[in-house]
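One-letter residues, chain by chain:
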Amino acid sequence: VQLQACGGGLVQAGGSLRLSCAASGRTFSSYDMGWFRQAPGKEREFVAAIRRYGDYTYYANSVKGRFTISRDNAKNTVYLQMNSLKPEDTAVYYCAADPNGIPRGSWDYWGHGTQVTVSS
């Protein structure tokens, strides 16, 4: 599966952005989908994940209550709605796919990142 993320940009603190990740292929609903981020000088970290049919979601504590992950299997797309953004959310955001990403905790397919910059 090939992944293409978009929707990043520059936003002021307190603002919102919605990231999208489009997947190629006809088996999108067979994959758990996840969002990760990497800030300058830091390791990549988990942000959010959603099970194949959207019946289960999981969030990092740092984004819980502010970010929402969702998916549209008919459009082969996963979204990350980010509200109440903070400067510490600044990072390159990546989407990932794996048939069992959530239970395994590892992800086989990665897209190119999209930059999110939050100004104070």
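The preceding data block contains the structure.
What counts, and at which threshold
Residues numbered from 1 in each chain as written. Predicted model: local features only at pLDDT ≥ 70, side-chain atom pairs only at ≥ 80, totals over all residues. Heavy atoms only, no water. Helix = DSSP H or I, 4+ residues; strand = E, 2+ residues; numbered from the N terminus. Rg over C-alpha atoms; globule rule 2.2 N^0.38 Å. Buried < 20%, exposed > 50% of the residue type's maximum accessible area, 1.4 Å probe, protein only. Contact = heavy atoms within 4.5 Å. Areas by Shrake-Rupley, 256 points an atom, 1.4 Å probe, with all protein chains shown as cover. Salt bridge = Lys/Arg side-chain N within 4 Å of Asp/Glu carboxyl O. Pairing = 2+ DSSP bridges.

*Asks:* Please clarify how the overall build of the protein should be interpreted in this entry.
*Replies:* Helix and strand counts for the protein stand at one helix and eleven strands. Listing every helix and strand of the protein by position from the N terminus yields β-β-β-β-β-β-β-β-β-α-β-β. A compact globule built from 120 residues should have a C-alpha radius of gyration of about 14 Å, and the protein, at 13 Å, falls within 12% of that. Principal-axis analysis of the C-alpha atoms gives the protein an extent of 40 × 25 × 25 Å. Here the protein holds 120 residues, and the buried ones make up 42% of them. A separation of at least 24 residues holds for 56% of the contacts in the protein among residues at least 6 apart in sequence. Surface exposure of the protein reaches about 6300 Å², of which carbon and sulfur atoms provide 45%.

*Asks:* Just checking my understanding: could you explain the pattern of salt bridges for this structure?
*Replies:* Opposite charge on two side chains permits them to pair, given that their charged atoms come into close proximity. One pass over the structure, following the stated rule, counts six salt bridges. For the salt bridge of Asp32 with Arg51, the shortest nitrogen-to-oxygen distance reads 2.7 Å. Linking Asp32 in strand S4 (residues 32–38) with Arg51 in the loop between strand S5 (45–50) and strand S6 (57–59), this pair joins segments that are 19 residues apart in sequence. In this structure, Arg37 and Glu45 form a salt bridge, with 2.6 Å as the shortest nitrogen-oxygen distance. Arg37 sits in the buried class, given a relative accessible area of 5%. Classification of Glu45 by relative accessible area gives partly exposed; the value is 36%. Through salt bridges that share partners, Arg37, Glu45, Arg66 and Asp89 make up one connected network.

*Asks:* Sorry, what's going on with the pairing of strand S3 (residues 17–23) here?
*Replies:* Regular strands place side chains that alternate from one sheet face to the opposite one. Burial analysis of S3 places five of its seven residues in the buried class, the great majority of the element. Here S3 runs beside strand S8 (residues 77–82); their pairing, made up of six bridges, is antiparallel. Within the sheet, the bridge partner assigned to Leu19 lies in S8 and is Leu80.

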